[in-house]
Amino acid sequence: MSVGLAGVALLTGLGLAARHVRSATATPRQRVRVARALMGTEVEVVVWSAAGRASAARAAAEAALDDIARLEGLLSDYRADSEIGRLGRGETVLVSADTRAVLAEARSWSERSGGAFDATRGALYQRWRAARAAGQLPAPGELSALVALGGWDEVREEAGRLRLGRPGMRLDLGGVAKGFAAERASALLLERSFPDHLVDCGGDLAVAGSRDGAPWRLAIPDPRGRGVVATLLVRPGTVATSGDAQRFFEVGGVRYGHIIDPRTGWPARGTASVTALAPEGADALATALYVLGPERGLALLAGLPEAHAIFVAADGAVRLSPGLRRRGAVIEVAR
Ligand code: AMP
Ligand code: MG
């Protein structure tokens, strides 16, 4: 799993959003927050519940974090003993239902995005990780070889077990697994009757219910450190930000981020950050939109009526997909 990109910051103060006025007889409510270092980032769970259920809320939030830790153990490409790590070492693996579910989600986003999102080119992404660590660009010949090393057809299934078809091929779920884990944690909290909560896996969020009666609000920071782009009012569902604000390196004045265009083998450019909102799957969608850029990204969104996005360019220019509206400093879903 890649290091997390805390693209959006949770706003916990009062202010822009109207809060419900509660009657004097309303049950007192309480906010519980727990956080843990997981999946290469800080994972945060916030639950609003009746004050009398605060300790049960805390236990449920801890159980949600435990489940994310378990998923990390299956999905991380940084861990040689994870299911994804073992596949990358050439083993034939009887993978868990969870790993299968993430792979199915990743594959479906590859198909929907015309290959812009591609979890099968982990070898290419790893090469760029090494380039970033060394501060040196890979040789173009190396990249074209790595672009050829992938494809869903090479994820082979034999007697219920998976195997990668080519030596050196790797899967990388860094663009989808944190959001998947956030959605799983959210489902666990719902099962335990905590309908008002937020799970933030370092910028990949699942949001349910309300923040003590008001919509959840997130700050979208400017990707070049110039303050806050806007406050986003989010509906229940998923939100994710992808960008080059935190993981990048520069050579000759050019910024090379960690999201790679799998067709060219080079880091995608042209956008500084994309925040996606969707009933589910915003994590992979944000990564795909980042690769596609605003023009082709908006075309993808046209086929996903419940999904929305905010594109921020390096110069700070903001573009909203048609379903969003801006009122002063606030961006929200229009319909
Ligand atoms: P995210 O921060 O969710 O946008 O995910 C970025 C991470 O996903 C990178 O650090 C890589 O591990 C991986 N990745 C890079 N490029 C792609 C891509 N085109 N499709 C899928 N995953 C990618
Ligand atoms: Mg993503």
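Residues numbered from 1 in each chain as written. Chains lettered and ligands numbered in written order. Predicted model: local features only at pLDDT ≥ 70, side-chain atom pairs only at ≥ 80, totals over all residues. Heavy atoms only, no water.

K.L.:
Whenever I open this one, the environment of R170 confuses me. Can you help?
P.N.:
Along the chain, R170 turns up in the loop between strand 5 (161-164) and helix 6 (177-191). Judged by relative accessible area, which is 28%, R170 ranks as partly exposed. Separated by 21 residues in sequence, R170 and L149 have C-alpha atoms that sit 8.5 Å apart. In contact with R170, not counting residues within four places along its chain, are G88, A119, T120, R121, G122, A123, Q126 and L164. In this structure the side chain of R170 is engaged in a polar contact, spanning 2.5 Å, whose partner is the backbone oxygen of G88. (Helix = DSSP H or I, 4+ residues; strand = E, 2+ residues; numbered from the N terminus. Buried < 20%, exposed > 50% of the residue type's maximum accessible area, 1.4 Å probe, protein only. Contact = heavy atoms within 4.5 Å. Polar contact = N/O pair within 3.5 Å; in protein donor to acceptor, adjacent residues only side chain to side chain.)

K.L.:
Would you take a moment to explain the pattern of salt bridges for this structure?
P.N.:
Once the charged atoms of two side chains with opposite charge are near each other, the side chains can pair. Applying the stated criterion across every chain, the model contains 27 salt bridges. A salt bridge links R121 to D118; its shortest N-O distance comes to 2.5 Å. The pair R121 / D118 is uniform in exposure class, with both members buried. Among the ionic pairs, R327 bridges to E332, the shortest N-O distance being 2.6 Å. R327 gets classed as exposed once you look at its relative accessible area, which sits at 52%. A relative accessible area of 11% means that E332 is categorised as buried. One network of salt bridges, with partners in common, ties together D67, R70, D98 and R184. (Salt bridge = Lys/Arg side-chain N within 4 Å of Asp/Glu carboxyl O.)

None of this, on its own, says anything about what the molecule does.
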